[in-house]
Each structure stands twice: as structure tokens, then as C-alpha cells.
Amino acid sequence: MHIVVCVKQVPETQNVKIDPTTNTLVRQGVASMMNPFDRFALEAALRIKDMDRDNVNITVITMGPPQAKEVLIDALSRGADDAVLLSDQAFAGADTWATSYTLASAIRKLGSVDLIICGKQAIDGDTAQVGPELATLLDLPYATYVSRIEFLEPRVLKITRQTDEGTAVWKVPLPALLTVLKDVGIPRVRSYRATLRARRYEVPIWGISDLRLSKESVGLKGSFTQVIKVFSPQRAKDRTFIEGSVSEQAARLYELLKKQGVPGL
Amino acid sequence: MDYFLTEEQRLLQEIAYEIVKERIRPVRAELDEKEEFPWAIMRDLAQSDLFGIWIPKEYGGLGMGILENCLVVEQLARGCIGIATTFAASGLGAYPIVLFGSDELKRKYLPPIARGEKLAAFALTEPGAGSDVSAIRTRAVRVGDEYILNGTKQWITNGGEADIYSVFAITDPSKGPRGASCFVVEKGDPGFFFGKKEKKLGIRTSATRELVFNDCRIPRSRLIGKEGLGFIIAMKTFDKSRPGIGALGVGLAQEALDISVEYARKRIQFGKPIISFQVIQHKIADMAMKIEAARALIYSAARYLDTKADAPDASKIAAMCKVFASDVAVQVALEAVQVLGGYGYMRDYPVEKLLRDSKILQIYEGTNEIQRNIIGQELNKEYGRIKESFIR
Ligand SMILES: Cc1cc2nc3c(=O)[nH]c(=O)nc-3n(C[C@H](O)[C@H](O)[C@H](O)COP(=O)(O)OP(=O)(O)OC[C@H]3O[C@@H](n4cnc5c(N)ncnc54)[C@H](O)[C@@H]3O)c2cc1C
Ligand SMILES: Cc1cc2nc3c(=O)[nH]c(=O)nc-3n(C[C@H](O)[C@H](O)[C@H](O)COP(=O)(O)OP(=O)(O)OC[C@H]3O[C@@H](n4cnc5c(N)ncnc54)[C@H](O)[C@@H]3O)c2cc1C
């Protein structure tokens, strides 16, 4: 069984700074780390490997600048078997589509893949689109917001999803793609042996020529969307605290909403 | 200070300290308060490969030595010596098998200990036999293809939690100290029971229990080495493990110093940080000097013992590491509480725990008085062999 885990390098700080002239993230001088949800994606894959160590292979893959190699080394240090870095000048400025397109090409190049696991979302870009887009491009079934992965049969998963509507349990045939929540399990610590191996591991770097992609199909040029402006939202200053018993509060809230002309009231 | 460690040795420190930062520090106060066994952290340590440190590679370990064990337990001790003791006691329990076990015993017991799937324990002390180990009364009688054990062991670290026990028992009472032997006993063996978990001053997350053998039957093949080797096995094991107790002291003292200096730089009294008072500076200077001296002793002693497996002065050197660094740990932890004043006395800060925990280092694996006896007796013997006179 071959599992691919998609990991993204994100800035370590929670309060990401934005360059007001270029509208891009200020990455200089900010330490990087693995996207927290991708640590859970890796853990989910490792738990599957724990069940059958000799027959499960995990490849971690990331698209990013050369220093994104660090997150791959980190994943290898926790037990992933192989890693691929997708890095090329031409990939710069990719939107979620171009990111997914590039990742999809790389996964096709990897050959037979049974399961792809992504994080729920990246804490910087925050779109949660890459997973579903990737599955669509690869023509795979997918499930998002997965909190638990079990096996019904060797090639059929039973997954649990957490959504706003509630908990759903799905049967998913392999190959498939999942995006996971932190409920899949606490990410494990580094292992001594795996870290030694990771330090000596030569991470292959694939660019557009390796993936046989045109410059126009990737990066900024291959993107349908462009960031025009990024800004911190204005804080709403209007705040009213409603007090009283629950039914009084409800009545007051109803009045307020009605006064503001909320449709249907 | 640079101790010229190899890349591998530094990596061991790095991984152990990562576990301290991410897993141990956030829970140590709670584990202490609840006196709860640190199973979750044992699983982290298992995943880190560290349980294999001194188990030979052919049995699934990392095949490393005393120095590497010291480096790891020193780091773990910065987190909690209750946890570090739990970890180290598994190595202590495995060591008799590593040193003297048959290939069969090694193949059966060492791989799961190296993987951290099973914990081991070392069972020597009895109610009537503490410092005087020759007074042990647990008996092992051979009947056909089995040994039958009867007796009680007291204060055994990992008792009840471990699956594999190295147990010392008398096989021939007529032979005195040469009549003791060492056996592997498994949790679940018929006639093997556990007493209640002891309530302690410190290292409260670690489990300390009584082991009771009531016609406990084990296969003959569980004998480690030969009959009569018991005390030799115990002493050789202590020669390997005692520098590690010293290293626990260094790690604990380092944590106490780190907290003291950070606190002294922030705490304002009389309009300035208390670190600007010379008395506080001298306190932390003394703490730092003692720690560095202890660390330097342990690292060089460990290197020496690792390179010279049959060093004639091994027991003396190992005892020096244990006494010196454990005394440093108690002194430094005590001073740390003083530097933090009333805050240091409160459970909201970690130093009162460091003080409570530190005391055990002067007691277990042979009290510091017994270690000084070993050192003194060895000096007496050494100087008896020297022909030159130093007195003119
Ligand atoms: C220099 C730069 C310029 C950019 N310019 C633009 C732009 O012009 N227009 C625009 O729309 N966006 C732009 N972006 C943002 C970019 O679109 C997103 O960072 C990227 O597409 C991933 O989307 P996301 O962060 O929302 O990930 P999500 O969709 O939230 O991530 C979900 C999961 O997908 C996987 N994943 C996401 N990204 C990667 C990756 N790179 N490698 C491997 N796996 C991954 C991970 O498993 C992750 O948990 C830019 C980013 C950078 C760094
Ligand atoms: C938390 C904890 C965990 C332990 N874990 C283990 C374990 O895993 N396995 C195990 O086998 N044992 C274990 N022990 C037992 C430990 O090794 C003994 O407590 C220790 O060896 C001292 O024995 P004792 O307590 O009976 O003290 P005693 O021998 O009764 O000594 C009492 C005092 O007299 C002093 N003294 C005794 N004889 C002499 C002498 N000849 N000269 C000078 N002073 C002397 C001692 O130094 C001490 O100060 C543990 C103990 C504790 C408290």
C-alpha cells in the first residue's frame, strides 16, 4: 500500500504579516514549520503503517521554495519512507488550482498510489481547497474533515467525518483522498533511527521539466486567481451585550435583528 | 561547554530534550500531583528508539554505551526525574540479561524492551536487605526443569507496570554471597504478585511496589548466567548504571539553575532585578560550577568506562559519579528554592518538586554512604598496592 501525504511549509508565527505593497506574505525572517494539520495527516498515515509496517510505504510531498525541504526531513524523521520536493521558479505565485495541478502531476509521476492524505487546511492560505481540487484532478473519491480512519476490507475504508451538520460515517473505496482533522491522533515524536536516515536522505527535487509541464500551466501564469489585496479585517465596533433570562435575551435579540431589517423577520 | 560529542550523541540529546519540551514539561506537575504512571510518555520514548540505547544491535537496540545513556537521562531529568527514573529502571532491569543472559534469553526479552513495548525492572532490595544486599532471603529452589521462588522484594521501581523482572534470589544458602543467583520473572508467572504502590516524597509519577513470590514457578532457562553469579551480576550492572544516576542529578540541577537564573532576572525587589544582588549572583555561580564539574566528571568517566570494559577501578569511578552529582542535585535544588523565595515553596513553580525529587538520588542504587564506602575501600586497596611512599 502506497500512501502520499501532502505537507505544506507555513510561517511559524500565528500573526502573519502582509507586505502592503506586494500584497504577499512577509516570509523573510519568519521561522517556518510544517502546517499543523499536515502533521496530523502524516500521523494518520503512520498509524496505518503501524498496522502493517512492511507493506505500507509513505511518501511525503511538498511544493515550495528550496527550504521547504525542511518539512520533508521532519516528516522522514517521524517515519515517512520517502519524500519529494516540488520546487521551480515557475511554480512561484501559484493559487490553489496551480498548486493542486502541480501536486497532481507529481502524484501521477509517483505511479500507483492507494491513498492521499492532506491536512484539513493550511493555516496561512486557509482555503481548504487543495485537497478536494487534487482529488478532482486525479479523478479520485474524497472525504474532507476526517476524524477517524478504519479499514473495513483491505481496500475499503470506514471513515468518520465531522461537519457542521454532525458526524458522518462513510465507506470509501481505495484509491481515495482524505483531508484530516486533529482528531486522527497526536503526532508522534521524532525517532532516533529515522532522523539519522532523514539527515542522509537525498530529497529529489522535481521541476517543470521533470513533470513535463509547461511554464504557462503552473505558478502565477497557471493561476486563475490572483491576490489583489490582502488586509486585516476591520474590527466591528458595534457590540451590544444582551442580558436577562434566556427568554428575555431571545426576545431582545429578535427585536434588534428585526430593527436592522434582517430578511424573514 | 563543548564536550566534543559526535553527531549521533548530539542527536540523542536533541530528541530527548524535544520530548522534555513537548511532552514532559506540560504534564509533569499533574503526574506528580496525581501520582499517575507516565504511560503516554513511555510510548513517546518507545517511538523515539531511546529504550534501545544500550541493548546490542543484534537484539534490536542501538548498541550504545554508558555515555549515551547518561546523555539521554540527563536531558530527560530536565523534565522530570520520576519519568527519567521509570525510563532508566527499564534499562537497569535489562542489563543483567545484556551482560550475562543466554542467547535464548536475549532473543526473547531484549527486542521488546528495546522497542519500548515492554518495561523491565530490577529487583534486589528486600525489607531486611537494603544496603546489606547479602542479607536477601528470597529463595529459589530448583525442582526438575523449574525454579520455585519464595520471598518478598521491596521498593521495586516499575513494579506492577513492567512485564520483565530481573530478580535476585538465594540458590545456595550455604555459600553466603556466592549463593545468590539472578532470574528473569515475567508478570503473569504463577505465584508472582504485586503489593500496593508506595506513597513517596518525590518521583511520585514513578511506580514503586512490593513484589511477592509465593511458590512462583519459572522454567530453568530463566536463570541468568550461572547459579552463584547473582551478586557479581548486580555489581557489574551497578557499575554501568551508577553514572546514569549521576546524570539524572546533573539534568535536575540544570533545570533548577535555568529556572533560578530566569526568575532572578525578572523578579524585582528594592527597585531592581534580584540578580543584581551579589548574593544571588554567587548562589547561581556556585550552582553553575557544581553542575559543570559534575557533568565533566560523568562524561569523562562514562567515556573511560565505555572504552575500558574491564577497568579495575570501574566500581570506584561509577560510585564517584553517583555520589558527586546526586549531592550536587540536592544542593542546587535547595538553593533554587531559596532564589525563588516564597514562590519557590509553592507548587505553582516547578522548583519545590525538584527539591522533593532530588533526594532520592542520594538513596537508591546504593546510598551515598555506601558509595563512599566503596570509594574509600578501593582507595585503601589501591594504595596498598603502591610501593612508593609519599611521606618523606
Ligand atoms: C509566494 C506565494 C504567492 C502566492 N500567490 C498567490 C496568488 O497569486 N493567488 C492565490 O490565490 N494564492 C496565492 N498564494 C497562496 C497559495 O494559493 C496557497 O498557499 C496554496 O495554493 C495552498 O492553498 P492553501 O494555503 O489555502 O492550502 P489549503 O487548501 O488550505 O491546504 C489544504 C491541504 O493541502 C495540502 N497543501 C496545500 N498546499 C500545499 C503545497 N504547497 N504542497 C503540498 N501540499 C499542500 C496540505 O495537505 C494542506 O493541509 C501564494 C502563495 C505563495 C507562497
Ligand atoms: C523510590 C525508591 C526506588 C527504589 N527502586 C529500587 C529498585 O528498582 N530495585 C531495588 O532493588 N531497590 C530499589 N530501591 C531500594 C534502594 O536501593 C534502597 O532503599 C537502598 O539501597 C538503601 O537501603 P535501605 O533503604 O534499606 O537503607 P538502609 O540500608 O537501612 O540504610 C539506612 C541508612 O544507614 C546507612 N547505612 C547502612 N549501612 C551502612 C554502612 N555500612 N555504612 C554507612 N552507612 C550505612 C545508609 O546509608 C542509610 O543512610 C528503591 C528505593 C526507593 C526509595
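What counts, and where the lines are drawn
- Residues numbered from 1 in each chain as written.
- Chains lettered and ligands numbered in written order.
- Predicted model: local features only at pLDDT ≥ 70, side-chain atom pairs only at ≥ 80, totals over all residues.
- Heavy atoms only, no water.
- Near = heavy atom within 4 Å.
- Polar contact = N/O pair within 3.5 Å; in protein donor to acceptor, adjacent residues only side chain to side chain.
- Areas by Shrake-Rupley, 256 points an atom, 1.4 Å probe, with all protein chains shown as cover.
- Helix = DSSP H or I, 4+ residues; strand = E, 2+ residues; numbered from the N terminus.
- Nonpolar A, V, L, I, M, F, W, Y, C, P; charged D, E, K, R; others polar.
- 1 Å grid on protein atoms, 1.4 Å probe; cavity = no way out; pocket = protein on both sides within 12 Å on 5 of 7 lines; lining within 4 Å.
- Sits in = over half its atoms within 2 Å of the grid points.
- Expected span 1.5 Å × (residues − 1).
- Buried < 20%, exposed > 50% of the residue type's maximum accessible area, 1.4 Å probe, protein only.
- Points joined across faces, edges and corners; volume = space filled by probe spheres on them.
- Axes fitted to C-alpha atoms, helices over the stretch in contact; angles between N-to-C directions.
- Parallel < 35°, antiparallel > 145°, perpendicular 65-115°, else oblique.
- Left-handed = near helix turned anticlockwise from the far one by under 90°.
- Contact = heavy atoms within 4.5 Å.
- Buried area = accessible area lost by both parts, 1.4 Å probe.
- Salt bridge = Lys/Arg side-chain N within 4 Å of Asp/Glu carboxyl O.

> Quick question: what am I supposed to make of the site of ligand 1 here?
All names here are of chain A. In the region of ligand 1, 30 residues are neighbours, and Cys-6, Lys-8, Asp-38, Ala-122 and Thr-127 sit closest. For ligand 1, an oxygen atom lies 2.8 Å from a polar atom in the backbone of Val-130. Expressed as a share of its isolated accessible area of 940 Å², the protein-covered part of ligand 1 is 83%. At the level of elements, β4 (57-63), α3 (96-110) and β6 (115-119) are the ones that each hand at least two residues to the shell around ligand 1. Across the shell around ligand 1, the residue classes tally to 12 nonpolar, 12 polar and 6 charged.

> Looking at this structure, how should I read the site of ligand 2?
Residue and element names in this part refer to chain B. Around ligand 2 there are 19 residues in total, and Phe-122, Thr-125, Ser-131, Thr-157 and Thr-367 lie nearest to it. Trp-155 has a polar backbone atom sitting 2.9 Å from a nitrogen atom of ligand 2. Thr-157 is positioned with one of its side-chain polar atoms (N or O) 2.8 Å from a nitrogen atom of ligand 2. Within the complex, 65% of the 970 Å² of free accessible area of ligand 2 lies under protein. Assessed atom by atom at 2 Å from the grid points, ligand 2 resides in the second largest pocket. Looking at the shell around ligand 2, the elements that each hand over two or more residues are β1 (120-123), β3 (146-157) and α11 (368-385). Grouping the amino acids of the shell around ligand 2 by side-chain chemistry returns 9 nonpolar, 7 polar and 3 charged.

> What's the story with helix α4 (residues 66-79) of chain B in this structure? I'm lost.
Side chains of residues three or four places apart in an α-helix project in the same direction, reflecting 3.6 residues per turn. Between its first and last C-alpha, α4 of chain B extends 20 Å over 14 residues, near the 20 Å set by a 1.5 Å rise per residue. A large share of α4 of chain B lies buried, amounting to 14 of its 14 residues.

> Just to check I follow, could you spell out empty space enclosed by the protein for this structure?
The gaps left among the atoms become clear once a water-sized probe is rolled over them. Taken as a whole and judged by the stated rule, the model has 3 cavities of 30 Å³ or more. Each pocket or cavity is described by its volume, and for the largest cavity that value is around 80 Å³. Forming the walls of the largest cavity are Leu-50, Phe-51, Ile-53, Trp-54, Ile-55, Asn-69, Phe-87, Ala-88, Gly-91, Ala-94 and Ile-113 of chain B. By residue number, the principal contributor to the lining of the largest cavity is helix α5 (residues 81-100) of chain B, which donates 4 residues. Looking at the lining of the largest cavity, its residues break down into 9 nonpolar, 2 polar and no charged. In this model, the second largest cavity occupies a volume close to 40 Å³. A per-element tally of the lining of the second largest cavity places helix α1 (residues 36-51) of chain A first, with 4 residues. When its residues are assigned to classes, the lining of the second largest cavity shows 4 nonpolar, no polar and 5 charged.

> It is not clear to me how the packing of helix α5 (residues 192-200) of chain A against helix α1 (residues 7-24) of chain B should be interpreted in this structure. Could you clarify?
Packed helices, taken two at a time, are described by the angle their axes make and the gap between the axes. In the contact formed by α5 of chain A and α1 of chain B, the axes pass within 10 Å of each other and the chain directions differ by 125°. The angle between α5 of chain A and α1 of chain B places the two elements in the oblique class. The two elements α5 of chain A and α1 of chain B cross, and the hand of that crossing is right-handed. Taking contact as the criterion, the partners of Tyr-192, Thr-195, Leu-196, Arg-199 and Arg-200 of chain A in α5 of chain A are, on α1 of chain B, Glu-7, Glu-8, Leu-11, Leu-12, Glu-14 and Ile-15 of chain B. When grouped by side-chain class, the residues that make up the contact of α5 of chain A with α1 of chain B number 5 nonpolar, 1 polar and 5 charged.

> Please clarify how the interface of chain B and chain A should be interpreted in this entry.
Interface size is often expressed as the accessible area that is lost when the parts come together. The interface of chain B with chain A comprises 17 residues on the first partner and 13 residues on the second. When chain B packs against chain A, close to 1500 Å² is buried across both sides, 46% of that on carbon and sulfur atoms. Where chain B packs against chain A, one counts 7 salt bridges. Notably, a salt bridge pairs Glu-14 of chain B with Arg-190 of chain A, separated by 2.8 Å at the nearest N-O pair. Joining chain B to chain A, the criterion identifies 12 residue pairs in polar contact (both at pLDDT 80 or more).

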